[in-house]
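Chain by chain, the residues run as shown.
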Amino acid sequence: MLDILGITGPIYIAIALGYAVTRAGLFSRADMRVLGKFVIHVALPAMLFNALSQRRIQEIVNGPYLLVYTLGSLLTLALGWAWARRGAGQDATTSVYYAMGMCCSNSGFVAFPIALLVIGPMAGVMLGLNMIVENLLVLPLLLALAEASTGQGGRWYVVLRQSLLALARNPMVLGLIAGFIVSWMGWRVPSPMDRSITLFAQTSAALSLFAIGGSLAGQSMAGLWRPVAQIAAGKLLLHPLLMLGVLLAVEAAGLGPLDPQLRAAVLLTAACPMMGIYPVLAQRHGREGLAAAASLGTTVASFFSISALLWLASHLPHGV
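Please read all numbers here as calculations on a predicted model, not as lab measurements. (Residues numbered from 1 in each chain as written. Predicted model: local features only at pLDDT ≥ 70, side-chain atom pairs only at ≥ 80, totals over all residues. Heavy atoms only, no water.)

Visitor: Mind laying out the side chain of Q230, listing which residues take part and the relevant values?
Guide: Structurally, Q230 is set in helix α12 (residues 225–252). Non-local contacts of Q230, meaning those with residues more than four positions away in its chain, are made with W83, A88, Y98 and M102. (Helix = DSSP H or I, 4+ residues; strand = E, 2+ residues; numbered from the N terminus. Contact = heavy atoms within 4.5 Å.)

Visitor: Can you explain the packing of aromatic side chains? Please cite residues and give values.
Guide: If you walk through the whole model with that rule in mind, you get five aromatic pairs. Between F38 and F200, the aromatic rings sit 6.4 Å apart at their centres with planes inclined by 50°, giving tilted as the arrangement. Here F38 is found in helix α2 (residues 29–53), whereas its partner F200 is found in helix α10 (residues 191–201), with 162 residues between them in sequence. Owing to a relative accessible area of 28%, F38 belongs among the partly exposed residues under this scheme. Pairing F303 with F304 gives two aromatic rings, centres 5.1 Å apart and planes at 80°, and the pair type is edge-to-face. Given a relative accessible area of 22%, F303 falls into the partly exposed group. On the accessibility criterion, F304 (56% relative accessible area) is exposed. Taken together, Y12, F303 and F304 form an aromatic cluster joined through their ring pairs. (Phe/Tyr/Trp six-rings, centres within 6.5 Å; stacked < 30°, edge-to-face > 60°. Buried < 20%, exposed > 50% of the residue type's maximum accessible area, 1.4 Å probe, protein only.)

Visitor: Could you give an account of the pattern of salt bridges, with specific residues and numbers?
Guide: With the rule as written, the count across this model stands at two salt bridges. Of the charged contacts, one joins D91 and R287 as a salt bridge, the two residues approaching to 2.9 Å between their closest N and O atoms. You can see D91 sitting in the loop between α4 (63–87) and α5 (92–103) and its partner R287 sitting in the loop between α14 (278–282) and α15 (288–314), a full 196 residues away along the chain. Overall, D91 belongs to the partly exposed group, its relative accessible area being 33%. Its salt-bridge partner being R263, residue E251 comes within 3.0 Å of it at the nearest N-O pair. Taken together, the residues span a long stretch of sequence, with E251 in helix α12 and R263 in helix α13 (residues 260–270) at a distance of twelve residues. Residue R263 is classed as buried on the basis of its relative accessible area, which comes to 17%. (Salt bridge = Lys/Arg side-chain N within 4 Å of Asp/Glu carboxyl O.)

The following block contains the structure:
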């Protein structure tokens, strides 16, 4: 168990430190947005480029992983939405944000630092593959569904088109594409440039966790315990269980097996809290209070669920 805490402990200590210093007034939540912007626009793109450009293209393009992550995420989205509508009695728009909280993992700010400790350099490949699914499919689909749920006609087409066009300006997507190109062409990055990129890439894990903790400071779950618990259960229990089911089904169908490190990565990603921009996206339809409270509750609970997952994996005959 001490080995497991040796993995999860530093992750959540960094989150707790960001939370504590922001609550104490040493940093403000606005400062956390600046740090988050640095991670998104500089550190993570550098890390993605590094991770992909230094590997052969055959190691990066992994069809079974993309299939598992896509099917697991879409299945969680569908069941999460159906539960919110039928089980929790939520309106159509709120149900979309229930589903978003359950199926969209924080791949860059939480899953990547944890995976880095568990599977090493392959964590960068995991993040690149996750981003393909999240940015090209899951998020545009959810944003379009949110617009369609308002019943205001064809506006969802506009949101879907805008979401896809915005990818061309997303620094992480640009780092992802650049890394793919360098890997595919077999180019070698000049040493001074490679070291500079590596320097920025190495800042991503600690800063991202610190920024997550600071962004949670000041948030409250008052009056929202029931929906927060439902969203957290969907994210930390339903998502990884469905991902495991899809993984086993894909391998049983002869479409795998996945590399052991990527098997661990896809389950770890599913078991992580929701993406950091969840409350920001929910602002468009006035659900930011619910989203912020769900982010706080799920992040706290994830310490125990991820530690339990790693402990269980370490006691299975063949690992995760």
